[in-house]
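Residues per chain are reported as follows:
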Amino acid sequence: MYDSAIDAKWDKIWRDSKAFLFDEKSDKPSYIIDTPPPFTNGALHMGQAFWVCYIDSIARYKRMQGFNVLYPQGWDAHGFPTELAVEQKYGKGLGRDDFYKKCVEESMGNIANMKDEMLRLGASFDSRYEYLTISDDYVSKVQLSVLQMYENKMVYRAVHPVEWCVSCVTTISREQAEERQEDTNLNYLDFKLSGSDKKMSIATTRPELLHACVGVAVNPNDKRFSGLIGKTVTVPIYGNEVMIFGDEAVDMTFGTGAEMVCTFGDKADVSMYYKHKLALVDAIEENGNLKGAGKFTGMKLKEARKKVIEALKEAGALTKQEKIKHTVKIHDRCATPIEFLSSMQWFIKIKDSAQKIKELGGEIQWVPDFALQRLEDWSNFIEWDWAISRNRIFGTPIPFWHCERCGEIVPADKGKLPVDTLKQKPPLNDCPKCHGSLAGETNTLDGWVDSSITPLVICGWPENRKSTVPPASVRIQGTDIIRTWAFYTIFRTWALTKGKPWESIIAHSMILGSDGREMHKSLGNGVYPAELLKKYTADSIRLWVALSGAIGKDKIFSYKDMDFAKNFINKLYNSALFVQKGLSEAGVPKTEPSKDLGIFDIWILNEFNKLVGRVTKSYDSYNLYEAANAIINFYWHDFCDYYIENVKYRIYSKDKSMERSKHAAAFTLNYVLLNSLKLIAPIAPHATEEINSMFSKESLMGQKFPVHKEAPHNMDYVINGVVFQSDIVDIDFADVGALLNNVIGEVRKAKAKEHMALNSEIKGIEVTVPRQYLKALEQSKSELIEICKMKEVKVKEGSDYAVAINI
RNA sequence: GGGCUCGUAGUCGAGUGGUAAGACGUUCGCCUCACACGCGAAAGAUCUGGAGUUCAAUUCUCCACGGGCCCACCA
């Protein structure tokens, strides 16, 4: 029976025969695949297994269609989780170099495991083109890409608010932020209007940041305040004056309708800081101590809040306190509320490119098409430039030095990459402007800077190979990272080459847990590929992926679906055993026994030909669901349940006069089986190869995909793309095949109703059919008698089709 | 608050301007010489609700209700 040892056997044979290798010198058209480089955290998750199977099926299909397929696989190693794992293993004492080395070690171990899982799923990537984001080659290309963008004036250094964890003393990125509901006090403070005795009440949850108040915002449509815009107020306790300005983002119904803006209390403050060009006050230190806050300086935030409130009370500025619930963003690791700190960061200019990104997005084929909307939505919402520096060690070094005195930037030499500006000397001795000393960068690049050039790297950028000129043919990725990976890739590819990264992009959605929720460790609803590989063969998993429904729609994981996939593979195998046995008795005719083909033979050959057309179209539009579904329905029901059952009596016949009919059936069985294998081979390569090897020494790898040809007339049939004519019936074969099968169905039904075994004998039937079917039925009498195990078949003409059964 | 997406038999899930694949499950029968991981049969859907366009809507439009995802906001 079928097991995973067979998978491994074929995987090895294919690799040894170089079946997956891309040929740089080939004349065949290239087909270039850009897959996600998984983050190297140790084991594949279901989403990754999903796209591995999906894109691998497409790669195999394209090879069968005659393409020279470049299917590389990359690994995204740089990143925080690896740093964390290393920290947990070795503590915090490691020096920068040792720490980096341990991170590399950690990553390499994880990659080995993930790669093994991919290979066991049958992934047919070409290992010679594997890439690793921490390799010298890849790092060089990332640095080169940044240097090139710098030359195009797209990279700069500036002070910018960053999301910061005061407990871990590090920047954190948005995806590391979680939300939490909290109870807090909304404090109503009185600010004195300048040049008047009047007071203005302002509500805030962050009184401890009062010293960083740089303005008061009101909604310009708010009649209560519209007259005050442009005037100034005095900040309580500290006594400095700030401007009142209008901003439509202010909610008139919240608090008093007036909001104090601190640099920085929250993200809205950051927006207003930029929009209204407000002053910048550094409110807190990196460790969360207050900075520049008079007598409160040096206090922790929490403590400061209490003390400031007390001081406000004493000053009579606190008029009211109200309990409210609000959401705060917290760091996912330590649950500390996230603060905004301003610090010197590197940026890539992206704001001005939103329109261009949308345009390019429109030139790419999106599967499903609605995925494009996500790119457009995101592009419409770019608030500020892309901050590319991270306070991390395990990342790509930023290839610039800067002058410690005047901030002048000195880029690395493009010919001397990769570079680590902390270790290597700058190309100049000192600042070209002020002769200050030059400093290297302790920060490293954001991981998206690494991964947003994958299609260029796999095409060989900056020197493209002749056979791999961008754009790549296709990318597959999750819909969840359209706003990051797809977005940055389109942007960077345009910035570096003025072109689009790919012709097409397939955006798949999520595999949900059986409870309908996202798979999550804490929910305990996760299923892992490694676990599935123990229970199922690779092809069952791959077929399950193909059968997971419309791409782009979330799929709830279910073992029942897995079992169905498994059962089909089993069916395929068992039907092949039958065909093999039949052929050993009848022998396989070398040429089409066209004169001997019966109605059922021609019927199934035509159904198969139609199937080839449908399946080709489905594969070409990246719709594996449709392809797999069509093949399974045809194979299981038309071929196995009807055709095979209908020809059994011919195959088993010992009668000399049946010889030619037996050969025709053997030919048809052989043809439909072997070609069906080719149709499903991209999705279930191991099982089909194993079955194929029962009949042929020639591997399915490298064989041509079956060709569809439209038959010019109803009474023609098509074998292997060649049209034949027949005169055995005078109507459409599909029509007459369906009719005959229906007659057989009626007999089965009658037997079932009488609780009879299907192979039990009955007396006979009388079939009434309209005139156009008469000839076909008369022709098929003896076949029906054999198939249904009955004594006689009477046929008569009538306006309505009917079957009378005599048991 | 905004955008996208979905709402089809007990469950999962395709699809179409002319009343709806398939799977699982259920019921009944069959160990029919490839397969009981199977074969045959049966029951089960007013295609979330309402309005509109149309000769005709599950399929198009609008509204409502209900899931999901993403984004924004939460002073």
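Throughout what follows, the structure given in this document is the object of discussion.

1. Notes on the state of the cysteines
Under the criterion given, the structure shown has zero disulfides. Its sulfur unpaired, Cys403 is 3.5 Å from the next cysteine sulfur, which belongs to Cys434. According to the relative accessible area criterion, Cys403 is buried, its value standing at 1%. The thiol sulfur of Cys788 is not disulfide-bonded, and the nearest other cysteine sulfur, from Cys640, lies at 18 Å.

2. Section: the sheet that holds strand β30 (residues 802-806)
On the basis of which strands lie adjacent, the open sheet formed by three strands has the order β29-β28-β30 and mixed pairing. Unpaired on one side and paired on the other, β29 (790-797) and β30 mark the two borders of the sheet. When the angles between neighbouring strand axes are averaged without regard to direction, this sheet yields 15 degrees. As defined by bridge partners, strand β28 (residues 762-769) adjoins β29 across seven bridges and the pair is classed as parallel. Note that in β29 the partner of Ile765 across the bridge is Val793. Running over the sheet, helix α21 (residues 774-788) touches β28 and β29 and is turned about 160 degrees from β29.

3. Observations concerning helix α15 (residues 559-586)
Spanning 28 residues, α15 covers 40 Å between terminal C-alpha atoms, matching the ideal 40 Å at 1.5 Å per step. At the N-terminal end of α15, a side-chain oxygen is found 3.1 Å from the backbone nitrogen of Lys560, two or three residues along, and the residue is Ser558.

4. Brief notes about the layout of surface pockets
By volume, the second largest pocket amounts to about 1600 Å³. Lining of the second largest pocket is provided by 48 residues; of these, Thr205, Arg206, Gly265, His326 and Val328 occupy positions nearest its centre. At the level of secondary structure, the elements contributing two or more residues to the lining of the second largest pocket comprise β7 (177-193), β8 (199-204), β12 (258-262), α6 (267-275), α7 (301-315), β13 (318-331) and β14 (339-348). For the lining of the second largest pocket, the residue count by class is 19 nonpolar, ten polar and 19 charged.

5. Quick word on the packing of aromatic side chains
Pairs of aromatic rings are described using the distance from one ring centre to the other and the angle between the two planes. This model, assessed by the stated rule, comprises 34 aromatic pairs. Look at Phe22 and Tyr129: their rings are 5.8 Å apart centre to centre, the planes differ by 85 degrees, and that puts the pair in the edge-to-face class. Of this pair, Phe22 sits in the loop between α1 (4-16) and β1 (30-34) while Tyr129 sits in the loop between α4 (96-120) and β4 (131-132), and the two are 107 residues apart along the sequence. The class for Phe22 is buried, based on a relative accessible area of 3%. On the accessibility criterion, Tyr129 (13% relative accessible area) is buried. Relative to Phe400, the ring of Trp346 lies with its centre 4.7 Å away and its plane at 15 degrees, an arrangement referred to as stacked. Placement of Trp346 in strand β14 and of Phe400 in strand β18 (residues 400-403) is noted, with a sequence separation of 54 residues between them.

6. Points about empty space enclosed by the protein
Taken as a whole and judged by the stated rule, the model has three cavities of 30 Å³ or more. In this structure, the largest cavity encloses a volume near 90 Å³. Along its surface, the largest cavity is lined by 16 residues, and Phe50, Ser548, Gly549, Ala550 and Ile551 are the ones closest to its centre. Per-class residue counts for the lining of the largest cavity are nine nonpolar, five polar and two charged.

7. Regarding the environment of Lys500
By secondary structure assignment, the location of Lys500 is in the loop between α12 (482-497) and β23 (502-508). With residues near it in sequence (within four places) discarded, Lys500 still touches Leu360, Glu363, Ile364, Pro471 and Thr493. One polar contact links the side chain of Lys500 to the main-chain carbonyl oxygen of Glu363, over a distance of 2.9 Å. A distance of 3.3 Å separates polar atoms of two side chains, one belonging to Lys500 and the other to Glu503.

8. Some details on the protein's contact with RNA strand B
Close to RNA strand B lie 55 residues; Ala203, Thr204, Thr205, Trp636 and Tyr652 are nearest. When atoms of RNA strand B within 4 Å of the protein are split into backbone and base, the sugar-phosphate part holds 73%. One nitrogen or oxygen atom from the side chain of Lys553 is found 2.9 Å from a phosphate oxygen belonging to RNA strand B. Residue Ser575 places a main-chain N or O atom 3.1 Å away from a base nitrogen belonging to RNA strand B. A class-by-class count of the residues in the surface near RNA strand B yields 18 nonpolar, 15 polar and 22 charged.

9. Quick word on the pairing of strand β9 (residues 213-218)
β9 sits mainly inside the fold: six of its six residues count as buried. Pairing of β9 with β12, which is carried by five bridges, proceeds in the antiparallel orientation. Bridging from a neighbouring strand, Cys213 pairs with Cys262 of β12. In this structure, β9 lies alongside strand β11 (residues 241-246), joined through three bridges in parallel fashion. Each residue of the ladder has a partner; that of Val218, found in β11, is Gly246.

10. Focus: the sheet that holds β18
Within the open sheet, the three strands sit side by side as β19-β18-β20. Their pairing is antiparallel. If you trace the sheet from one side to the other, it starts and ends with β19 (409-411) and β20 (438-439), each paired once. Inspection of the sheet shows β18 paired to β19 by three bridges, in the antiparallel sense. Bridge assignment links Phe400 to a residue of β19, and that residue is Pro411.

11. Some remarks on the pattern of salt bridges
Summed over all chains, the structure comprises 38 salt bridges. Measuring nitrogen to oxygen at the nearest pair gives 3.9 Å for the salt bridge that ties Lys307 to Glu303. Of the two residues, Lys307 and Glu303 both sit in helix α7, four residues apart, roughly one turn of that helix. If you follow the salt bridges from partner to partner, you end up with Arg206, Glu208, Arg305 and Glu339 in one network.

12. Re α6
Those residues of α6 that fall on the buried side of the exposure criterion are Asp269, Val270, Met272 and Tyr273. Elements that come into contact with the buried residues of α6 comprise β5 (155-165), β9, β11, β12 and β14. Sitting at the amino-terminal end of α6 is Asp266, which places a side-chain oxygen 2.9 Å from the backbone nitrogen of Ala268. Where α6 ends, the next residue or the one after it, Lys277, has phi of about 50 degrees, a positive value.

The rules behind each value
Residues numbered from 1 in each chain as written. Chains lettered and ligands numbered in written order. Predicted model: local features only at pLDDT ≥ 70, side-chain atom pairs only at ≥ 80, totals over all residues. Heavy atoms only, no water. Disulfide = S-S within 2.5 Å. Buried < 20%, exposed > 50% of the residue type's maximum accessible area, 1.4 Å probe, protein only. Pairing = 2+ DSSP bridges. Helix = DSSP H or I, 4+ residues; strand = E, 2+ residues; numbered from the N terminus. Axes fitted to C-alpha atoms, helices over the stretch in contact; angles between N-to-C directions. Contact = heavy atoms within 4.5 Å. Expected span 1.5 Å × (residues − 1). Polar contact = N/O pair within 3.5 Å; in protein donor to acceptor, adjacent residues only side chain to side chain. 1 Å grid on protein atoms, 1.4 Å probe; cavity = no way out; pocket = protein on both sides within 12 Å on 5 of 7 lines; lining within 4 Å. Points joined across faces, edges and corners; volume = space filled by probe spheres on them. Nonpolar A, V, L, I, M, F, W, Y, C, P; charged D, E, K, R; others polar. Phe/Tyr/Trp six-rings, centres within 6.5 Å; stacked < 30°, edge-to-face > 60°. Near = heavy atom within 4 Å. Salt bridge = Lys/Arg side-chain N within 4 Å of Asp/Glu carboxyl O.

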